[in-house]
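Listed below, chain by chain, are the residues.
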Amino acid sequence: MANAALIEALRAADAVQFGEFELSHGGTSNYYVDKYLFETDPRCLKLIAEAFAERVADDDKLAGVALGAVPLVAATAVETNKPYVIARKKAKEYGTAKRIEGALDEGEEVVVLEDIATTGQSAVDAVEALREAGAVVDRVVVVVDRQEGAAELLADHDIELESLLTAEDLLADADG
């Protein structure tokens, strides 16, 4: 069952918008979920952290995909008292030049937290980077699954996709 309080909070933050939108993968959609509006809203962030906390109890460590999921993973780390790492899209070209930021030990079980899953490619990239760094990763938990192929792509990489909400949940009875 969808989290009604979270749906209401996302809508109240104007994070669910209707119109013609280009998506990061190049496709278009008649709705858009603005992660920056929900990630910068304290009520949304608290509800997301609480919901994520219920799903990550058995994992050693949390991981967030930069940049979008960093507020989510940080809030969830505070909620669960679990440490986290940040998976960059690519290694920075200065300083320590790491792709994974934070302490990560070989063999640690890590769950990846992500904002929105559309194709799932950014989550797959993050999981692969974490696996290359020695983590054991088999699960990604997202706030919204747009139901546009992410679950299937992740499954092809032996990764389970869990979502707090699906597009179907979020758009049901929406005024749009």
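Bear in mind the structure is a predicted one, so any value in this text is a computation, not a measurement.

Here we take up the nonpolar core. Counting residues in hydrophobic clusters, the biggest one holds 33 residues, and the most contacted among them are L10, F38, I48, F52, V143, L164 and L170. Elements that contribute at least two residues to this core include exactly α1 (4-12), β2 (28-33), α3 (42-55), α4 (70-80), β6 (109-117), β7 (136-145), β8 (160-166) and α7 (167-171). Take this core: its biggest share by element is seven residues, from α3. Grouped together as the second largest cluster of nonpolar side chains are 24 residues, L104, V112, V124 and A126 included.

For a regular strand, side chains alternate in direction, first toward one face of the sheet and then toward the other. Counted residue by residue, β6 has eight buried out of nine residues, so it is predominantly covered. Here strand β3 (residues 61-65) runs beside β6; their pairing, made up of four bridges, is parallel. Its bridge partner lying in β6, A63 is registered against V112. Pairing geometry for β6 and β7, over seven bridges, is parallel. Considered in β7, the bridge of L113 is made with V141. On the question of chirality, the crossover connecting β6 to the parallel β7 by way of helix α5 (residues 121-132) is right-handed.

By volume, the largest pocket amounts to about 470 Å³. Taken together, 21 residues form the lining of the largest pocket, with S24, K35, D115, I116 and T118 sitting closest to its centre. Going through the elements one at a time, β2, β6 and α5 are the ones with two or more residues in the lining of the largest pocket. In terms of residue count, the dominant contributor to the lining of the largest pocket is β6 (four residues). Among the residues forming the lining of the largest pocket, the class breakdown is eight nonpolar, eight polar and five charged.

Turning to the sheet that holds β6, a few remarks are in order. Taken in spatial order, the six strands line up as β5-β4-β3-β6-β7-β8 in an open sheet, and their pairing is mixed. With one partner strand each, in any of the chains shown, β5 (100-101) and β8 form the two edges of the open sheet.

This next bit is on a negative patch on the surface. On the surface, D58, D60, E109, D138 and E160 cluster together into a patch of negative charge. Here E160 shows up in strand β8. A residue is classified by how much of its surface remains accessible, and E160, at 44% relative accessible area, is partly exposed.

Assignment of secondary structure puts L164 in strand β8. We classify L164 as buried; its relative accessible area is 8%. Sequence separation of L164 and E148 is 16 residues, and the distance between their C-alpha atoms is 16 Å. Contact partners of L164, with chain neighbours within four places excluded, come to L6, I48, A51, F52, R55, V142 and V143.

Procedures and definitions
Residues numbered from 1 in each chain as written. Predicted model: local features only at pLDDT ≥ 70, side-chain atom pairs only at ≥ 80, totals over all residues. Heavy atoms only, no water. Core = buried A, V, L, I, M, F, W, Y, C linked by side-chain atoms within 4.5 Å. Buried < 20%, exposed > 50% of the residue type's maximum accessible area, 1.4 Å probe, protein only. Helix = DSSP H or I, 4+ residues; strand = E, 2+ residues; numbered from the N terminus. Pairing = 2+ DSSP bridges. Right-handed = clockwise from strand over helix to strand, strands pointing away. 1 Å grid on protein atoms, 1.4 Å probe; cavity = no way out; pocket = protein on both sides within 12 Å on 5 of 7 lines; lining within 4 Å. Points joined across faces, edges and corners; volume = space filled by probe spheres on them. Nonpolar A, V, L, I, M, F, W, Y, C, P; charged D, E, K, R; others polar. Patch = residues over 30% accessible without salt bridge, like charges linked within 9 Å, V, L, I, M, F, W, Y side chains within 5 Å. Areas by Shrake-Rupley, 256 points an atom, 1.4 Å probe, with all protein chains shown as cover. Salt bridge = Lys/Arg side-chain N within 4 Å of Asp/Glu carboxyl O. Lys, Arg positive; Asp, Glu negative; His and termini not counted. Charge placed at Lys NZ, Arg CZ, Asp CG, Glu CD. Contact = heavy atoms within 4.5 Å.

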